[in-house]
Amino acid sequence: MIDNRNADGWIRRYHAADESPIRLVCLPHAGGSASFYFPMSQALAPGLDVVSVQYPGRQDRRHEPGITDIGAYADALTSALLPWADKPLAFFGHSMGAVLAFEVTRRLERDHGVDPVRVFASGRRSPSSFRHETVHLRDDDGIVAEMRELSGTDAAILGDEEILRMVLPAIRSDYTAIENYRAAAGETIGAPITVLTGESDPRTSGEEAEAWEAHTRGEFAIHRFSGGHFFLARHQPRILKIVSEEIAAVTAPRG
């Protein structure tokens, strides 16, 4: 569906739910695209209005240059989301998307008086849990090896040389942005944070996932799942239940 609020191309709205009291903004992982969240949008509609973020450099935005800095990413995305803040926003971000959800929320609260109701941070260590990583400095084969290890890219893409070469620049840009990102330990948001983490995720330890608690002035919850970095597919029903229940709690009348 084309929406006149999407002139800059950032937002995809697969299943419009205008009556929903809250809009859930979904942000993909490094190298990911908006369509990653099509199943979540389909499952949550019409009870929840889900919009997905399309990063530059992929699919219908493949001719646009990638962004290599999380701050620049968050600035551009914040501007793109302001027209969609006509109802309360919640965020669901996986991996790099979790960091972007945090940074966009910080900007909305600080600069625009918009207070997201909850941030779901999936598959990512806390903003201040820094690791020295250099995937973005590898050659193309090295980046493909990383994608295979994490199992986050469609096997059809990994097996199609032409498509793969087309998307690799965007993937490299994303890895450059997220691997050079650092946040101060005292950087917080007012929105509650719910963390979803895979118990065997090689990119996020249990302690690094728990460290998200220091980055919110609101409530904090953590849910652990069996599996690695892309545990979402295996546990979709449980994740959908968590998202639905925690967002419903926000809209429930208080006695």
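What you see is a predicted model; the values in this text were computed from it and never measured. (Residues numbered from 1 in each chain as written. Predicted model: local features only at pLDDT ≥ 70, side-chain atom pairs only at ≥ 80, totals over all residues. Heavy atoms only, no water.)

Points about the pairing of strand 4 (residues 89-94)
For strand 4, a buried count of six out of six residues is recorded, marking the element as mostly surrounded by other parts of the structure. Residues Leu89, Phe91 and Gly93 line one face of strand 4 and the alternating positions Ala90, Phe92 and His94 line the opposite face, and both faces are buried. As paired strands, strand 2 (residues 23-27) and strand 4 are joined by five bridges and run parallel to one another. Pairing of leucine 24 across the sheet is with alanine 90, part of strand 4. (Buried < 20%, exposed > 50% of the residue type's maximum accessible area, 1.4 Å probe, protein only. Helix = DSSP H or I, 4+ residues; strand = E, 2+ residues; numbered from the N terminus. Pairing = 2+ DSSP bridges.)

Re the packing of aromatic side chains
Inspection of the entire model under this criterion finds nine aromatic pairs. Ring plane angle 80° and centroid distance 6.1 Å describe the contact between phenylalanine 102 and tryptophan 212, whose orientation is recorded as edge-to-face. Taken as a pair, phenylalanine 102 in helix 3 (residues 96-112) and tryptophan 212 in the loop between helix 7 (206-210) and strand 7 (220-225) lie far apart in primary sequence, 110 residues in all. Tryptophan 212 shares its class with phenylalanine 102; the two are buried. Members of the aromatic cluster, joined through ring pairs, are Phe36, Tyr37, Phe92, Phe120 and Phe230. Taking the ring centre of phenylalanine 225 as reference, the NZ or CZ of arginine 238 above it sits at 4.2 Å. (Phe/Tyr/Trp six-rings, centres within 6.5 Å; stacked < 30°, edge-to-face > 60°. Lys NZ or Arg CZ within 6 Å of the ring centre and 35° of its normal.)

Here's the deal with the nonpolar core
Among the nonpolar cores identified, the biggest contains 47 residues, and Trp10, Leu27 and Phe91 are the most heavily contacted of them. Here this core gets eight residues from one element, more than from any other, and that element is helix 3. Not counting residues within four places of it along the chain, the set of residues in contact with leucine 27 comprises Tyr37, Val53, Tyr55, Leu77, Phe91, Phe92, Gly93, His94, Gly97, Leu100 and Ala101. (Core = buried A, V, L, I, M, F, W, Y, C linked by side-chain atoms within 4.5 Å. Contact = heavy atoms within 4.5 Å.)

Describing the sheet that holds strand 7
An order of 1-3-2-4-5-6-7 is seen for the seven strands of this open sheet, with the pairing classed as mixed. The sheet is open, and its two edges are formed by strand 1 (11-15) and strand 7, each paired on a single side. Strand-to-strand twist of the sheet, defined as the mean angle between neighbouring strand axes without regard to direction, takes the value 20°. Relative to strand 3 (residues 49-53), strand 2 runs parallel, the two being bridged by four bridges. (Axes fitted to C-alpha atoms, helices over the stretch in contact; angles between N-to-C directions.)

A closer look at the packing of helix 2 (residues 70-81) against helix 3
The contact between helix 2 and helix 3 brings their axes to 9 Å, and the two run at 60°. By the criterion of interaxial angle, the relationship of helix 2 to helix 3 is oblique. In this structure, helix 2 meets helix 3 at a crossing whose hand is right-handed. Across the interface between the two elements, Ile70, Gly71, Tyr73, Ala74, Asp75, Leu77, Thr78 and Leu81 of helix 2 pack against Met96, Val99, Leu100, Glu103, Val104, Arg107, Leu108 and His112 of helix 3. Classifying every residue of the contact of helix 2 with helix 3 by side-chain character gives ten nonpolar, three polar and three charged. (Parallel < 35°, antiparallel > 145°, perpendicular 65-115°, else oblique. Left-handed = near helix turned anticlockwise from the far one by under 90°. Nonpolar A, V, L, I, M, F, W, Y, C, P; charged D, E, K, R; others polar.)

Observations concerning helix 8 (residues 236-251)
Between its first and last C-alpha atoms helix 8 spans 23 Å; for 16 residues at 1.5 Å apiece the expected length is 22 Å, and the two agree. Residues of helix 8 that are buried sit in contact with strand 2, helix 1 (38-44), strand 4, strand 5 (118-122), strand 6 (193-198) and strand 7. (Expected span 1.5 Å × (residues − 1).)

Side note on helix 2
Over its twelve residues, helix 2 runs 16 Å from end to end, which matches the ideal 16 Å to within 8%, given 1.5 Å per residue. By the N-cap criterion, in which a side-chain oxygen at the helix start approaches the backbone nitrogen of a residue two or three places on, helix 2 is capped by aspartate 69, the distance to glycine 71 being 3.0 Å. (Polar contact = N/O pair within 3.5 Å; in protein donor to acceptor, adjacent residues only side chain to side chain.)

A closer look at the side chain of histidine 229
Residue position: histidine 229 is located in the loop between strand 7 and helix 8. In this structure histidine 229 comes out as buried when scored by relative accessible area, which is 6%.

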